[in-house]
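# Topology and contacts: notes
Here are the chains, one letter per residue:
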Amino acid sequence: MSDMKALYLLVPLAPLAGAILAGLFGRQLGRSGAHGVTILGVLVAFLASVVIFQDVRNGHLFNGTVYTWMESGGLKFEIGFLIDPLTTMMMLVVTFVSLMVHIYTIGYMKDDPGYQRFFSYISLFTFSMLMLVMSNNFLQLFFGWEAVGLVSYLLIGFWHDRPTAIYANLKAFLVNRVGDFGFLLGIGLIAAYAGSLNYAEVFAKAEGLAAMEMAGTGWPLMTAICICLFIGAMGKSAQVPLHVWLPDSMEGPTPISALIHAATMVTAGIFMVARMSPLFELSDAALSFVLVIGATTALFMGFLGIVQNDIKRVVAYSTLSQLGYMTVALGVSAYSAAVFHLMTHAFFKALLFLGAGSVIIGMHHDQDMRNMGGLRKYMPITWITSLLGSLALIGFPLFSGFYSKDSIIEAVHAATIPGAGYALVCVLLGVFVTAFYSFRMYFLVFHGEERFGKAHHDHHGDHEDEEPSSDHHHGLAPGQKPHESPWVVTLPLVLLAIPSVLIGMITIEPMLFGTWFQSAIFVADNHVGLSQLAASFTGAFGMAAHGLVTAPFWLAMAGVVLSWYFYMRRPDIPAAIQRRFSAIHTVLENKYYFDRFNEIVFAAGARVLGTGLWKGGDRALIDGVAVNGSARLVGWVAQIARLVQTGHLYQYALAMIVGVFVLLTFWLNLG
Amino acid sequence: MTGMPLLSLAIWIPILGGLLVLATGADRNAPLARMLALGVAVVGFLVTLPLFAGFDTTTSAMQFSEFAPWIPRFNINYHLGVDGISMLFVVLNAFITVMVVIAGWQVIQERVAQYMAAFLIMSGLMNGIFSALDGVLFYVFFEASLIPLYLIIGIWGGANRVYAAIKFFLFTLAGSLLMLVAVLYLFVEAGGSFSILDWHKLPLGMTPQTMIFWAFLIAFAVKVPMWPVHTWLPDAHVEAPTGGSVVLAAIALKLGAYGFLRFSLPIVPDAAQAMAPLVITLSLIAVVYIGFVALVQTDMKKLVAYSSIAHMGFVTLGFFMFNSLGIEGALVQMISHGFVSGAMFLCIGVLYDRMHSRNIADYGGVVRTMPKFAAFFMLFAMANAGLPGTSGFVGEFMVILGAVKFNFWVAFLAATTLILGAAYTLWMYKRVVFGAIANDHVAQLQDINGRESAFLAILALCVLAMGVYPFPFTEVMHASVDELLRHVAVSKL
């Protein structure tokens, strides 16, 4: 057992060592040294994860402490590992995608002066994410939680001379902090009422906690805990209304959009709720809350994908929408379906992002789809892999996304929890929307007229006001042709395309209907979860065959066909619709005005409040009235007293006589 | 080890060494004065290490005690000792003194001997405060420590230094005069004893308890500083030289907080319990109100000064919830704030030495010319924002957990620091460090030299070590904090 513990430690520490070496000694190591050492670290972590996965399949679970971080007030704060099926699955996903992204980065960042720094950051991210998923307690969970947030902050602002990038990274950090605020309070409630931060110990007391009320408020304790924890998940997994940071995070280099802002970090919230299933199962109110937030995100963020012209932003809104699907699955107690979708999504979304990155390389850092078209001739590998990724995303039968998304829709269909009806409408409509924006992007990029090399838009997302000084998006010169990317870029695409297609049909049975997650995920008896689906499950191929006659399949097909018709055959129609429904289009263009609201109410409001408190409170009242006021009072008294001290003897004499007279009067009257 | 009068050494080596440095006189002997000061500071730090290494974590009794009659006629004694509450501050203080001497190495070119001497003497006096167990001895050290800091601000400070120095002096003096009255009252009540430990056991009625509490509250609140008697601090910081700000933030603010634990809570426990809602309210105002005020500051030093007040709000909040997570968290926060705020002021000093401006608007794009500095500054900014893995997280986390136990809404307001602290710190960082190079001055900046790297690296190690493994720090506190809580729970009425 102890040799396994060493292996567990090796998984996070190998990337950490790579990060430290590349970060502190980047200049000495040079470029190839930096990517060599970090890739080696992640490769070691991946191989160790595979070994651990085999070990867990043989039934060897682990829950133990590495060291005691601190003790206080009867609470033990520890760093420790919980190795179970859920953890190992996450370890495999994180290390595999991270490895692919590390290799890809060699090609994507090859001209960047911050090459070593970038490798250091993504390895540090891998370490943080592994600590998060391997934790056996809330303290370490929070550590990992904030650490991935830090790396995300550093990477979004990687090009720190771009005003939009450093705006986006501050925004991302602060919005995540709003989520962490709730998360920390949830952890605090657990510590206060359960008296422990260890998962197993807290879960053992869950029934007791569910019967309690929160002191001073009368609220059911478990609902309060779960909603607080979920607010943390809303920040990290970008659920409405804390989603606003994720689209802006696309300011970061594309490899991290794939790794952090699509495949792994943003799924931390989903993972956390699944991990906490023994708590969430005991509060229907919290589950309903989760469900409604998730459904809203799934549909309404999908709509926004339709109006984007920046290729990365389309994928970003698609990520938001898919995270909504996972959250919906959590809300209907289909935790294993959520985690299943998390896994399939990690592969196909990393693939789509890296494919988009490959397109961006080919286009010489032009990200505007209006300047693309017909790229399939010039970038065949990118084209095929992106097509496979898109089919997985829209849930085409047999592709991995089909199994995970269909399971979620079926689970919503079977659910009886309040909000399930609304959620069903959202996820079904969402299927159509997903197919529409995905294939709109696919057709605009890879098919149709070749629009590159003509006008020089210098357009980057919706930040038209930014300085065009940066050399990160200059686009193709007139007459120049796009080209396929080098092998370090295309190899990860191919390696990611394989699981994007196959992983669903291979793993659906053990993950959803088998015993794989039995030890990690708990579903209460009164919740349907996946039990109805399990009863009718006839194997992966049977499910795919059945899928052809269900509504989601036809909705997806309708989306694909409509996007083809609109953008390949009759591009005048979407333009006409845009004119006809300009009000709706404006709302979508402005992303439902969330950003505007936050800027006016929170950002500007806080500054106004701060200025008011500073100038009105500190300066005017405390310093002006109280401090300088008392100084003035002393001065004023002294002025009056000084008037009396005139230096004229007759006035002193008069005062004395008056005084003696007054005293005598008093004395006589008293006597 | 126990044979050595370690606490006396910790007090008198810096004071006598400081006088020796003073004796080197004029600035032509400045190199000698610097070397001598460094030597004294290092020796002064080394003698405090056995306090930590040899500390007995199993007892709440005073350790390394020394006792000698001083003025027998009034039963005033030279009585020293440390417990789990005070010991770490002696070590921290001696450590920060070394940092300050190194930080002032090149920057201070005028009256070098006096500058170094003032810091050394202040360091010795502050060690006296943390280890005095006699009321008069404490008071003498407490008042005497004002003088060097007053001089540091008044002589080596900025343009408006005289106003700031006098404001600082009057605020704190006014507070401590009330404490003198309380000390004298306790002397009479205790039957002619100035022993603080005797006062802990002294039965007192509610009315005298309340009056003593107020006297102490005003004295200590000014030092901490608590809202609304905090306005001297931003002025003092802005005018003080870098070293002065470091000592002010890292050590001087801790004196008031320490006073609450040594005097208010154990001597007048009933009044402290009764007044807890007031102190908690003031602490929460410090966290929230000051957080917003910090956000809109245009001067880097003022911003960090306000952030200090907010962080100290966590300290007083932790003390008055009367649970061990709260008190130990507050103590951890005090130590961490010593490292982090010290480092933040040193970072601002690094910039100020080059640009002669503390104005945020004069900066931008510093990372392009000073990448090493930017990395250190990022670490300390994150620590200031309470990121896990840094020391800044530990204390805040403990106090928030303690607060949830105490009252959810208190915790709710306290936890807003997660957002506010990140907002004001990182927004400043963004405007100063990130972005395009703002002007020619920034374009010509030189990155940190070896000396600057050295002290920033040492502080960075402290911040990280305490964040990754705070166990040794809390371990020494347990016995004393538990004893304090047991003591406070027993009514004196």
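Parameters and conventions
Residue numbers restart at each chain and count upward from 1, following the sequence in its written direction. Chain letters and ligand numbers both follow the written order, the letters beginning at A and the numbers at 1. In view of the model being predicted, local features appear only for residues whose pLDDT reaches at least 70, and side-chain atom pairs are presented and counted only at 80 or more, with totals across whole chains, interfaces and linings using the full set of residues. Calculation of side-chain values draws on the structure's entire complement of heavy atoms; hydrogens and water are dropped beforehand. Secondary structure elements follow DSSP: runs of H or I no shorter than four residues count as helices, runs of E no shorter than two count as strands, and numbering proceeds from the N terminus. Burial here depends on accessible area, computed with a 1.4 Å probe over protein chains only, as a share of the maximum for the residue type. Under 20% is buried, over 50% is exposed, and the range in between is partly exposed. Any two residues whose heavy atoms approach within 4.5 Å are treated as being in contact. Here, Shrake-Rupley sampling with a 1.4 Å probe gives the accessible areas, and only protein chains in the shown set may cover a residue. Only four residue types enter the charge count, namely Lys and Arg as positive and Asp and Glu as negative; His and the chain termini do not. Charge coordinates come from a single atom per side chain, which is NZ of Lys, CZ of Arg, CG of Asp or CD of Glu. Joining two parts hides part of their accessible area as seen by a 1.4 Å probe, and the buried area is that hidden amount summed over both. By convention in these notes, a salt bridge is any Lys or Arg side-chain nitrogen within 4 Å of a carboxyl oxygen on Asp or Glu. We call two N or O atoms a polar contact when they sit within 3.5 Å, provided that within protein one can donate a hydrogen and the other can accept it, with sequence-adjacent residues counted only if both atoms are side-chain atoms. Gly falls in the polar group here, along with every residue not listed as nonpolar (Ala, Val, Leu, Ile, Met, Phe, Trp, Tyr, Cys, Pro) or charged (Asp, Glu, Lys, Arg). Only a pair of cysteine sulfur atoms within 2.5 Å qualifies as a disulfide here. Where helices are involved, their axes are fitted lines through C-alpha atoms of the stretch in contact, as for all axes, and angles between N-to-C directions lie from 0 to 180°. We call two directions roughly parallel when the angle between them is under 35 degrees, roughly antiparallel when it is over 145, roughly perpendicular when it lies between 65 and 115, and oblique otherwise. Each residue after the first adds 1.5 Å to the expected span of a helix. To get the bend at a given residue, fit one axis to the seven residues ending there, fit another to the seven starting there, and take the angle between those axes. Put simply, a crossing is left-handed when the front helix is turned counterclockwise from the back one by less than a right angle, and right-handed when it is turned clockwise. Pairs were defined over the aromatic rings of Phe, Tyr and Trp, the Trp ring being its six-membered one, requiring ring centres within 6.5 Å. Orientation was assigned from the angle between planes: stacked under 30 degrees, edge-to-face over 60, tilted for the rest. Think of it as a cone above the ring: NZ of Lys or CZ of Arg counts as a charge over the ring if it is within 6 Å of the ring centre and within 35 degrees of the ring normal. For every residue, the predictor reports its confidence as pLDDT, a number between 0 and 100. Candidate patch residues must exceed 30% relative accessible area and have no salt bridge, after which like charges are joined if within 9 Å and Val, Leu, Ile, Met, Phe, Trp or Tyr side chains if within 5 Å.

### Topic: the overall build of chain B
Looking only at helices and strands, one finds 24 helices and two strands in chain B. Counting only C-alpha atoms, chain B reaches 70 × 55 × 40 Å along its principal axes. Within chain B, buried positions represent 68% of all 493 residues. In chain B, of all internal contacts separated by at least 6 residues, the share reaching a separation of at least 24 is 81%. Counting every atom, chain B has about 15100 Å² of accessible surface; 68% of that belongs to carbon and sulfur. Between the averaged position of the 22 positive side-chain charges in chain B and that of its 23 negative side-chain charges there is a distance of 7 Å.

### Description of the interface of chain A and chain B
Taken residue by residue, the interface counts 53 residues in chain A and 60 residues in chain B. Buried surface at the junction of chain A and chain B, both sides included, amounts to about 5000 Å², of which 76% is carbon and sulfur. The three residues of chain A that bury the most area against chain B are A:Trp69, A:Arg177 and A:Phe181, which together make up 13% of that side's buried surface. One can count two salt bridges joining chain A with chain B. A:Asp623 is the partner of B:Lys167 in a salt bridge, and the nearest nitrogen-oxygen pair spans 2.9 Å. Where chain A packs against chain B, one counts 16 residue pairs in polar contact (both at pLDDT 80 or more). Elements supplying a minimum of two residues to the side of chain A that touches chain B: strand 1 (62–72), strand 2 (75–83), helix 5 (138–156), helix 6 (163–194) and helix 26 (594–644) of chain A. Considering every element that reaches the side of chain A that touches chain B, the biggest residue donor is helix 6 of chain A, with 17 residues. Here the side of chain A that touches chain B is built from residues that sort into 33 nonpolar, 11 polar and nine charged.

### Quick look at the state of the cysteines
Applying the stated rule across the entire model yields zero disulfides over all chains. In this structure A:Cys226 is a free cysteine whose sulfur lies 9.5 Å from that of A:Cys228, the closest cysteine sulfur available. Not part of a disulfide, B:Cys347 finds its nearest cysteine sulfur in B:Cys462, a span of 14 Å.

### Regarding the packing of helix 23 (residues 551–569) of chain A against helix 24 (residues 572–580) of chain A
Residues and elements named next belong to chain A. Where helix 23 contacts helix 24, the axes come no closer than 6 Å and their chain directions differ by 100 degrees. With respect to their mutual orientation, helix 23 and helix 24 come out roughly perpendicular. For the pair helix 23 and helix 24, contact is made by Tyr565, Phe566 and Tyr567 and by Ile573, Pro574 and Ile577, respectively. Along the lines of polarity and charge, the residues of the contact of helix 23 with helix 24 split into six nonpolar, no polar and no charged.

### Observations regarding the side chain of B:Arg34
All names here are of chain B. For Arg34, the position within the fold is in helix 2 (residues 30–46). No salt bridge forms around the buried Arg34; measuring N to O, its nearest opposite-charge neighbour Asp27 is 7.2 Å away. Among the polar contacts made by the side chain of Arg34, one reaches the side chain of Gln109 at a distance of 3.4 Å. Aside from chain neighbours lying at most four places away, what touches Arg34 is Trp105, Ile108, Gln109, Val112 and Met116.

### Some details on unusual backbone geometry
Backbone torsion omega between A:Val240 and A:Pro241 reads 5 degrees, so that peptide bond is classified as cis. Within the secondary structure, A:Pro241 is located in the loop between helix 9 (221–236) and helix 10 (245–248). Of note, the bond from B:Trp227 into B:Pro228 is cis; its omega dihedral lies within 30 degrees of zero at 5 degrees. Here B:Pro228 shows up in the loop between helix 10 (206–223) and helix 11 (232–239). Despite not being glycine, B:Phe64 has its phi angle at roughly 55 degrees, a positive value. Tracing the sequence through the fold places B:Phe64 in strand 1 (residues 63–71). We classify B:Phe64 as buried; its relative accessible area is 18%. At B:Arg111, a residue that is not glycine, the phi angle is positive and equals roughly 50 degrees. The residue B:Arg111 is located in the loop between helix 4 (87–103) and helix 5 (112–131) in this model. On the accessibility criterion, B:Arg111 (44% relative accessible area) is partly exposed.

### What to know about helix 16 (residues 335–362) of chain A
All names here are of chain A. Relative to the 40 Å expected for 28 residues at 1.5 Å per residue, helix 16 spans 40 Å between its end C-alpha atoms, a close match to the ideal helical length. At His345, helix 16 shows its maximal kink, close to 30 degrees. Counting buried residues in helix 16 gives 28 out of 28 residues, a clear majority hidden from the surface. Of the residues trailing helix 16, His364 is marked for its positive phi of about 55 degrees.

### Some details on the packing of helix 3 (residues 85–108) of chain A against helix 20 (residues 487–513) of chain A
All names here are of chain A. Interhelical geometry of helix 3 versus helix 20 gives an angle of 165 degrees and a closest axis separation of 8 Å. By the angle between their axes, helix 3 is roughly antiparallel relative to helix 20. Every pair of crossing elements has a handedness; the one defined by helix 3 and helix 20 is left-handed. For the pair formed by helix 3 and helix 20, the contact residues are Met89, Phe96, Met100, Ile103, Tyr104, Ile106, Gly107 and Tyr108 on the first element and Val488, Val489, Pro492, Leu495, Leu496, Pro499 and Met511 on the second. Considering only residue class, the contact of helix 3 with helix 20 consists of 14 nonpolar, one polar and no charged.

### Remarks on the environment of A:Phe280
Residue and element names in this part refer to chain A. Within the secondary structure, Phe280 sits in helix 13 (residues 277–280). Residue classification places Phe280 among the buried residues on the basis of a relative accessible area of 0%. With sequence-adjacent residues up to four places away left out, Phe280 is seen in contact with Cys226, Leu229, Phe230, Val273, Leu287, Val290 and Tyr335.

### Let's talk about the pattern of salt bridges
For the coordinates displayed, the defined rule picks out 18 salt bridges over all chains. B:Arg358 is the partner of B:Asp299 in a salt bridge, and the nearest nitrogen-oxygen pair spans 3.1 Å. Of this pair, B:Asp299 sits in the loop between helix 13 (269–295) and helix 14 (300–319) while B:Arg358 sits in the loop between helix 15 (324–355) and helix 16 (366–369); the two residues are 59 residues apart in sequence, bridging distant segments of the chain. Among the ionic pairs, B:Arg354 bridges to B:Glu452, the shortest N-O distance being 2.7 Å. One end of the pair, B:Arg354, is in helix 15; the other, B:Glu452, is in helix 22 (residues 450–468), and 98 residues separate them in sequence. Residue B:Arg354 is classed as partly exposed on the basis of its relative accessible area, which comes to 24%. According to the relative accessible area criterion, B:Glu452 is buried, its value standing at 4%. Through salt bridges that share partners, A:Arg162, A:Lys171, A:Asp248, A:Glu251, A:Arg313, A:Lys591 and A:Asp595 make up one connected network.

### Some thoughts on the packing of aromatic side chains
Enumeration over the complete set of coordinates arrives at 69 aromatic pairs over all chains. Seen in terms of ring centroids, A:Tyr8 and A:Phe62 are 5.0 Å apart; in terms of plane orientation they differ by 45 degrees. Their pairing is tilted. Highlighted residues: A:Tyr8 in helix 1 (residues 2–24) and A:Phe62 in strand 1, separated in sequence by 54 residues. Each member of the pair A:Tyr8 and A:Phe62 is classed as buried. An aromatic cluster of three or more residues is present, and its members are B:Phe138, B:Phe142, B:Phe213, B:Phe216, B:Phe220, B:Phe260, B:Phe263, B:Phe320 and B:Phe322. Of note, A:Lys405 hangs over the ring of A:Tyr325, and the distance from its end group to the ring centre comes to 5.2 Å.

### So, the confidence of the model for chain A
Residue and element names in this part refer to chain A. Chain-level pLDDT for chain A is 88 on average; 96% of the residues reach the 70-or-more range. When pLDDT is averaged over each helix and strand of chain A, the minimum, 78, is found for helix 27 (residues 649–670) and the maximum, 95, for helix 12 (residues 268–275). When the criterion is pLDDT under 50, residues 458–472 qualifies, and its contacts beyond four places in sequence or with other chains add up to 28 contacts.

### Re a nonpolar patch on the surface
Residues and elements named next belong to chain A. Side chains of Ile381, Trp487, Leu491, Val494, Leu495, Ile498, Leu502 and Ile506 sit close together on the surface and give an oily, nonpolar patch of about 710 Å² of accessible area. Looking at the nonpolar patch, the element that brings in the most residues is helix 20, giving seven residues. Structurally, Ile381 is set in helix 17 (residues 380–394).

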